[in-house]
Amino acid sequence: PLFSLLPSVNIFPMGSSTSTNRLRTANSTKRPTSETRKILVLGCMGAGKTTLCRMLAKTAKARMPPNRIYKHTIENNLLDIFKAIYTLARQYKIPGSENFKEDMRILVEFRHREDLAQRAVEVMRRLLRTNLFAELMKDKRRILELPYNAPYFMQNALRILDEKFEPNDVDIISHYALTVGVNFNSIELGAVKWELFELPGHHIFRRCWHEYYANTNVIIFVVDLSDICRSAFYRGGHLQDKVRQILLKVTMSPLLHQTSFILLFNKKDLLEEIGQGFNFQQLGAGVKNVEAAEKWHTDQCISAVPPTNAVYNHSMSLTKKSDMNSTLFDFLDQIFQSGVRSVDLE
């Protein structure tokens, strides 16, 4: 079998969603023993594209960079989280936040070039002993005003601040770094070689996406489900229609009229955590709870893909590794089995 290297697991674990399959009746000739497939990973900033690509590469046992090279970026993530906590604590007038003005000046002025300076470490340890983060989290919706990885990093802050800190795989999956340029991975599974391109999601780079469309077999588009709990989603309609408009623009390209789409709706865990009690009726009269809001959002995105293209969708939480499991590989297998053409990227 094409993906015999992967463990046998259930598709759609944890009941996260059903798939929508619109398979083309394309040329179903027997595949050669070795094929090259081109996959683009697209999505807006912070949706989870890099996490997805790393998980794919690791599952396929591709050669990975050593964990230690992520140390500096992970420490910078922690610095940014402490700065955000202080800013929000002052904004919401959390008692005690006014006592850390001098400490925050140290963090703001600190330039992290090599190892963390001792003075910066001492400031962060002092802030850890306060209740500022806990007070902010009493209103769960405030988590959207902090980096998505703030809860994980706060739980592991002392370990990260240790001078002997070495990142583990969960640290790397949980950290955030802006995609700069094009990230490329070559992954082999069975008889198929995947050429995986991750493109930056910033609006400036989205203007250049079309330059990479030629000979693309599959587009994996990652969507942040938690967007529907952000106040900006309901102000002026820009964020509300943003992802659908981006998808529409992508699917309108004549270079992609034979391309299959996989829509991965990420951060389901965050949506479920902060969506309880949220007024989703702003989306429509019949949208009264988290489940209905998720369906509304996924339906909006799925409808942007023309019926002439194969489209699959799945809701999950990428930082919960077992939540994705082999679902994506199953989609790819179905797409390839349906006779999607091969491309020669050599």
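Residues numbered from 1 in each chain as written. Predicted model: local features only at pLDDT ≥ 70, side-chain atom pairs only at ≥ 80, totals over all residues. Heavy atoms only, no water.

**Some remarks on the pairing of strand S5 (residues 260–266)**
Stated precisely, the cut-off is as follows: Think of it in three bands: residues with accessible area under 20% of the maximum for their type are buried, residues over 50% are exposed, and the middle band is partly exposed, with areas taken using a 1.4 Å probe on protein chains only. Runs of H or I in DSSP of at least four residues are treated as helices and runs of E of at least two as strands, each being numbered from the N terminus. Should DSSP find at least two bridges between two strands, the strands are taken to pair.
A large share of S5 lies buried, amounting to 7 of its 7 residues. Because side chains alternate across S5, one face comprises the buried residues Ser260, Ile262, Leu264 and Asn266, and the other comprises Phe261, Leu263 and Phe265, equally buried. Pairing between strand S4 (residues 218–224) and S5: 7 bridges, direction parallel. Looking across to S5, one finds that Phe221 is bridged to Leu263. Bridging between S5 and strand S6 (residues 311–315) involves 5 bridges; their strand directions are parallel. Bridge pairing links Leu264 to His314 in S6.

**With respect to helix H12 (residues 290–302)**
For clarity, the cut-off: Helices are assigned an expected span. That span is 1.5 Å times one less than the residue count. By the criterion applied in these results, polar contacts are pairs of N or O atoms within 3.5 Å in which, for protein atoms, one can donate a hydrogen and the other can accept it, and in which residues neighboring in sequence qualify only through two side-chain atoms.
In a regular helix each residue adds 1.5 Å, so 13 residues correspond to 18 Å; H12 covers 18 Å between its end C-alpha atoms and thus fits that length. Where H12 begins, one side-chain oxygen reaches toward the backbone nitrogen of Glu291, 3.3 Å away; that side chain belongs to Asn289.

**Some points on the UniProt feature "binding site: Mg(2+)" (unreviewed entry) in the protein**
The line we're drawing: UniProt positions are given in the numbering used here, feature names are shortened, and annotations may be inferred rather than shown by experiment. In this description, contact between two residues means that some pair of their heavy atoms is separated by no more than 4.5 Å.
The UniProt record marks Thr50 and Thr179 with the feature "binding site: Mg(2+)" (unreviewed entry), using the residue numbering of this structure. The greatest C-alpha distance among the annotated residues, which extend across 130 residues, is 7.5 Å, indicating that they converge on a single site. Looking at where Thr50 falls in the secondary structure, it is placed in helix H1 (residues 49–59). The residues touching Thr50, leaving out its near neighbours within four places in the chain, are Thr179 and Glu198. With respect to the helices and strands, the residue Thr179 is situated in the loop between helix H8 (169–174) and strand S2 (183–189). Thr179 sits in the buried class, given a relative accessible area of 12%. Aside from chain neighbours lying at most four places away, what touches Thr179 is Thr50, Glu198, Leu199 and Pro200.

**Observations regarding unusual backbone geometry**
Positive phi, close to 55 degrees, is recorded for Lys93, a residue that is not glycine. When you line up the elements, Lys93 lands in the loop between helix H2 (71–91) and helix H3 (101–109). Residue Lys267 is not a glycine yet carries a positive backbone phi of 65 degrees. Checked against the element boundaries, Lys267 lands in the loop between S5 and helix H11 (268–274).

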